[in-house]
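# Structural description and commentary
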Amino acid sequence: MTNRDVARILRETAQLLEVEGAQIGRHRSYERAAQQIETLAEPVAQLVEEKRLREVPGIGERMEEHIGEILGTGKFRTHQKLLKKFPPEILDMLRLQGLGPKKIALLWKKFKVKTVADIAKLARDQKLRGLAGFGEKTEQNILKAVAAFQQFAGRFHQHKAEEAAEKLIAYIEKLGKKVERVTAAGSLRRGRETIGDLDLLVLSTDAEAVSRHVLAYPEVAEKLARGENKVSIKLTNRMQVDVRILEKKSYGAALVYFTGSKPHNIELRRIAREKGWTLNEYALTTLKSGKWVAGRTEEEVYKKLGLVWIPPELRESAGEVEAAAGGRLPRLVELADICGDLQMHTTESDGKNSIEEMAAAARARGYEYIAITDHSKAVTVANGMDEKRALAHARRIRQASKKLDRFRILAGVEVDILKDGRLDLNDEVLAQLDVVVGSIHSYMNLEPAEMTERLLAAIENPHLKILGHPTGRLLLRREPYHYDLEKILSACKKRGVAVECNAFPDRLDLRDVDLRAARERGVKVVISTDAHSTTHLPYMKYGVRTARRAWLNKNDVLNTLPLDRFLKALRPSP
Ligand code: DGT
Ligand code: CA
Ligand code: CA
Ligand code: ZN
């Protein structure tokens, strides 16, 4: 169990206790423990093992026992008991923005609401105004929250889906010899920015044993379906998983089929039909007699169709089948090509680690350089730096860099792009830094025309080298800024400004299709993690996946270059 899993169960327990109307204050100890565990730098399991959990403020003997139970069994009895007292959608209702346990408790008591839709109906019918703490404005906000919920409902960030998949795969592999291989297919394998459900393929001759084992997984909340070679479950984190069990002869065909995407599969089936064959999840067979043609491996299936193997990230029916037929598939950038990371934060602003710690962790990943880019003063919530602090920080960065052999820490900043497009630090200071990333963190709802002007003005500043998280979206949470992206890409091209592919899994910004547009215009791209802790540096893989979905080669990405060539490829300083 990750710290996040443990914290989630404790937080849900706190919320459910509050809805239940438990003894005043009982929920607070759970909420407090959840908060503490979320921000721990070490795995909570390790603290337990070393008997140090009680050193964490707010965790006493009882809470220590509860956490032990969660870590040991994957579940928490109090949590389970509470869940049984409420309708299945209670957790979804609690997740509605701006409602919270107190208001849900009231709605539960008064109207016996069972679903998010029930709440929406009450708000629409104006039945809520007049309740203590509710007004017309609350009703409007509830309707907005329900709309957002329905838009994002049931989708997950890629890293959460991947964590859940890896854990379940490890569990399935515990069956030993009966299981030859387990692979995640579906949107996760394609690297889509958010994931609906997990699709796992198991290579085994004992479907019965695998199904039984999967149903015994401690994190199963609900059994959804069970067939001869398929079992569907819902996990305690509300994620659905479809597990399919296949034999060797079908494994490649099933991988193709269940990796999708659906439109990609439709293209493949059309080619198969043209050749007098049919393609399904079991095999490629002849149309007439149903004779087996291929199906063991993906390569075999693609080859028979006259195609080279297509990387999963490209399987979106966006020209990849045609390119594969013509031998024109790009050689996509890989994680191993990345030589440095160009956006990260330290304790100087809102990061969790020091310059030295970030550098050591980056070095351990095999990088040659990083840029430390703390926030500037306009971002007060992140303790942004003024001119004086920025220069002092740059000096410390350069000193730290000198102590390292064959590794360079570049002195940078993530300078705020102000409302009018000016940068938040003066030119004299910016001129002394190696890497200036410029990003927007305020006034995100300007009219498109004004937003476009703002970004154009920022790009005109000769010190700006990289445009950070260019559209500002937060996946499953916040829409991108509205502006004329084409104009901004043209300006970046003209001025030699690189656009960022922000690898943080909540952002993935620019997104795949926009990144592809940037590439087609010849705009330079960097992939950066925007790490706020050493634990975020591995998020680079999500950025690389996004870049691959955008058809990017190694040559399209500046931070695949060794240091000297990278510095020359950045926009030249004035
Ligand atoms: P998601 O789960 O919404 O993030 O997206 P996917 O792509 O994982 O979609 P999912 O889980 O519904 O199905 C996984 C793959 O299986 C999908 O990409 C294509 C294939 N597939 C599933 N159902 C069908 C179907 O009814 N027809 C066809 N042709 N393919 C299907
Ligand atoms: Ca799926
Ligand atoms: Ca599925
Ligand atoms: Zn930022």
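In this text, all values refer to a predicted model and were calculated from it rather than measured experimentally. (Residues numbered from 1 in each chain as written. Chains lettered and ligands numbered in written order. Predicted model: local features only at pLDDT ≥ 70, side-chain atom pairs only at ≥ 80, totals over all residues. Heavy atoms only, no water.)

## Brief notes about the site of ligand 1
The condition that has to hold: We define proximity as follows: a residue is near a molecule or strand when any one of its heavy atoms falls within 4 Å of that partner. Counted as a polar contact is a pair of N or O atoms within 3.5 Å, where, for protein atoms, one must be capable of donating a hydrogen and the other of accepting one, and residues adjacent in sequence contribute only when both atoms are in side chains. Secondary structure elements are defined from DSSP: runs of H or I of at least 4 residues count as helices, runs of E of at least 2 residues count as strands, and each element is numbered from the N terminus. Residue type decides the class: Asp, Glu, Lys and Arg count as charged, Ala, Val, Leu, Ile, Met, Phe, Trp, Tyr, Cys and Pro as nonpolar, and the leftover types, Gly among them, as polar. How far each domain reaches was decided by an automatic or database domain assignment.
Surveying the vicinity of ligand 1 reveals 16 residues, the closest of which are Arg155, Ser187, Arg190, Gly196 and Asp197. Residue arginine 155 places a side-chain N or O atom 2.9 Å away from an oxygen atom belonging to ligand 1. At 2.8 Å from an oxygen atom of ligand 1 is found a side-chain nitrogen or oxygen belonging to aspartate 197. Within the residue set of the shell around ligand 1, elements represented by two or more residues are α11 (186–190), α13 (251–259) and α14 (262–274). Taken together, the residues of the shell around ligand 1 break down into 3 nonpolar, 7 polar and 6 charged. Each of domain 2 (156–246) and domain 3 (251–325) contributes no fewer than three residues to the shell around ligand 1.

## Here's the deal with the nonpolar core
In plain terms, the rule: Here the nonpolar core consists of buried residues drawn from Ala, Val, Leu, Ile, Met, Phe, Trp, Tyr and Cys, with membership extended through side-chain atoms lying within 4.5 Å. Whether a residue is buried, partly exposed or exposed follows from its accessible area with a 1.4 Å probe, protein chains only, as a fraction of its type maximum: under 20%, in between, or over 50%, in that order. By definition, residues are in contact when any of their heavy atoms lie within 4.5 Å.
Judged by nonpolar contacts, the single largest core of 62 residues is most densely connected at Ile370, Ile409 and Ile527. Setting aside residues up to four positions removed in sequence, isoleucine 527 forms contacts with Ile338, Gly340, Cys501, Ala503, Met540, Gly543, Val544, Ala547, Val557 and Asn559.

## Quick look at the sheet that holds strand β9 (residues 284–286)
Here is the rule we go by: Being paired, for any two strands, means DSSP has found at least two bridges between them. Note on method: axes are straight lines fitted to C-alpha atoms, helices fitted across the in-contact stretch only, with angles between N-to-C directions ranging 0 to 180 degrees.
On the basis of which strands lie adjacent, the open sheet formed by 3 strands has the order β8-β9-β10 and antiparallel pairing. The open sheet terminates on both sides in strands that have one partner only, identified here as β8 (277–279) and β10 (292–294). Averaged over all neighbouring strand pairs, the angle between strand axes comes to 35°, with direction disregarded. In terms of strand pairing, β8 meets β9 through 3 bridges, oriented antiparallel. Within β9, the position partnered with threonine 278 by the bridge is threonine 285. The strands touched by α14 are β8 and β9; relative to β8, the strand with the most contacts, the crossing angle is about 160°.

## Observations concerning the pairing of strand β17 (residues 525–528)
As a reminder, the rule being used: The handedness rule is simple: strands pointing away from the viewer, and a clockwise path from the first strand over the helix to the second, make the crossover right-handed.
The side-chain alternation of β17 yields two buried faces, one formed by Val525 and Ile527 and the other by Val526 and Ser528. Direction of pairing for strand β16 (residues 498–502) relative to β17: parallel, over a ladder of 4 bridges. Looking at β17, one finds that glutamate 500 is bridged to valine 526. Considered for its hand, the β-α-β crossover made up of β16, helix α22 (residues 512–520) and β17 is right-handed.

## Re the packing of helix α1 (residues 3–20) against helix α7 (residues 100–111)
As a reminder of what qualifies: Throughout, the term roughly parallel applies to angles under 35 degrees, roughly antiparallel to angles over 145, roughly perpendicular to angles from 65 to 115, and oblique to all others. Should the near helix be turned anticlockwise from the far one by less than a right angle, the crossing is termed left-handed; should it be turned clockwise, right-handed.
As a packed pair, α1 and α7 sit with axes 8 Å apart at the nearest point and diverge in direction by 40°. When the axes of α1 and α7 are compared, the pair comes out oblique. In this structure, α1 meets α7 at a crossing whose hand is right-handed. Contacts from Gln15, Glu18 and Val19 of α1 reach α7 at Pro101, Lys102, Ile104, Ala105 and Trp108. Grouping the amino acids of the contact of α1 with α7 by side-chain chemistry returns 5 nonpolar, 1 polar and 2 charged.

## A few points about the pattern of salt bridges
Defined as follows: Criterion for a salt bridge: a side-chain nitrogen of Lys or Arg within 4 Å of a carboxyl oxygen of Asp or Glu.
Tallying each qualifying case throughout the model produces 46 salt bridges. For glutamate 520, the salt bridge goes to arginine 516, with nearest N and O atoms at 3.6 Å. Here arginine 516 and glutamate 520 lie together in helix α22, a separation of 4 residues that amounts to about one turn. Overlapping salt bridges, with partners in common, bring together Arg8, Glu12, Asp92 and Arg95 in one network.

## Points about the sheet that holds strand β13 (residues 408–416)
Strand order across the open sheet formed by 7 strands is β11-β12-β13-β14-β15-β16-β17, with parallel pairing between neighbours. If you trace the sheet from one side to the other, it starts and ends with β11 (340–341) and β17, each paired once. Examined bridge by bridge, strand β12 (residues 369–375) and β13 share 7 bridges and lie parallel to one another. Bridging from a neighbouring strand, alanine 371 pairs with leucine 410 of β13. Sheet strands in contact with helix α17 (residues 355–364) are β12 and β13, and its direction is about 145° off that of β12. With respect to the sheet, helix α18 (residues 387–402) is in contact with β12 and β13, its orientation differing from that of β13 by roughly 160°.

## Observations concerning the coordination of the calcium ion (ligand 3)
The criterion, for reference: Water is not among the atoms examined, so metal sites may look incomplete; donors are the N, O and S atoms within 2.8 Å of the metal, or within 3.2 Å for Na, K and Ca.
Here the calcium ion (ligand 3) is held by the protein donor atoms Asp197 (OD), Asp197 (OD), Asp199 (OD) and Asp242 (OD), which lie 2.3 to 2.7 Å from it. Between the calcium ion (ligand 3) and the calcium ion (ligand 2) the interatomic distance amounts to 3.8 Å, and aspartate 197 serves as a bridging ligand to the pair. Taken as a pair, aspartate 199 in strand β4 (residues 198–204) and aspartate 242 in strand β7 (residues 240–246) lie far apart in primary sequence, 43 residues in all. Summarising the burial analysis for this pair, aspartate 199 and aspartate 242 share the class buried.

## Points about the packing of aromatic side chains
Working definition: an aromatic ring pair is given by the centre-to-centre distance plus the angle between the planes. Condition: What counts as a ring pair is set by centres within 6.5 Å for rings of Phe, Tyr and Trp (its six-membered ring), and what kind of pair is set by the plane angle: stacked under 30 degrees, edge-to-face over 60, tilted for all other angles. Only when the NZ atom of a Lys or the CZ atom of an Arg is both within 6 Å of the ring centre and within 35 degrees of the ring normal do we say a charge sits over the ring.
If you walk through the whole model with that rule in mind, you get 7 aromatic pairs. Ring geometry for phenylalanine 86 and tryptophan 108: centres 5.4 Å apart, planes at 65°, overall edge-to-face. Separated by 22 residues along the polypeptide, phenylalanine 86 in the loop between α5 (77–85) and α6 (90–94) and tryptophan 108 in helix α7 bring together distant segments of the chain. Phenylalanine 86 gets classed as buried once you look at its relative accessible area, which sits at 8%. Seen in terms of ring centroids, tyrosine 539 and tyrosine 542 are 5.9 Å apart; in terms of plane orientation they differ by 55°. Their pairing is tilted. Judged on exposure class, the residue tyrosine 539 and its partner tyrosine 542 are both buried. Put simply, the rings of Phe504, Tyr539 and Tyr542 touch in pairs and so form one group of aromatic residues. Above the plane of the ring of phenylalanine 134 lies lysine 103, whose end atom (NZ or CZ) is 5.7 Å from the centre.

## Some remarks on the coordination of the calcium ion (ligand 2)
Going by this rule: A four-donor site is called tetrahedral if each angle lies between 85 and 135 degrees; a four-donor site is square planar, and a six-donor site octahedral, when trans pairs exceed 155 degrees and the remaining angles lie between 65 and 115; all other cases are labelled irregular.
Distances from the calcium ion (ligand 2) to its protein donors, Asp197 (O), Asp197 (OD) and Asp199 (OD), fall at 2.2 to 2.5 Å. Of note is the calcium ion (ligand 2), whose 6 donor atoms meet at the metal with angles of 70 to 168° in an arrangement that counts as irregular. Taking relative accessible area as the criterion, aspartate 199 reaches 11% and is therefore assigned buried.

## Let's talk about unusual backbone geometry
Geometrically, the link from glycine 260 to serine 261 is a cis peptide bond, its omega value of -5° lying close to zero. With respect to the secondary-structure elements, serine 261 resides in the loop between α13 and α14. The omega torsion across aspartate 509 and leucine 510 is 5°, close enough to zero to call that bond cis. With respect to the helices, strands and loops of the structure, leucine 510 is situated in the loop between β16 and α22.

## Examining α14
Short version of the rule: To estimate how far a helix should reach, multiply one less than its number of residues by 1.5 Å. To be clear, the arc concerns the directions from the helix axis to the C-beta atoms.
With 13 residues, α14 should cover 18 Å at 1.5 Å per step; its first-to-last C-alpha distance of 19 Å lies within 8% of that length. Of the positions making up α14, those classed as buried are His264, Asn265, Glu267, Leu268, Ile271 and Ala272. Around the axis of α14, the buried residues are gathered within 155° of arc, so they sit on the same side. The outward face of α14, more than 90 degrees from its buried face, is lined by the exposed residues Lys262, Arg273 and Glu274. On the buried face of α14, the contacting elements are α13, β8, β9, α15 (298–304) and α16 (320–325).

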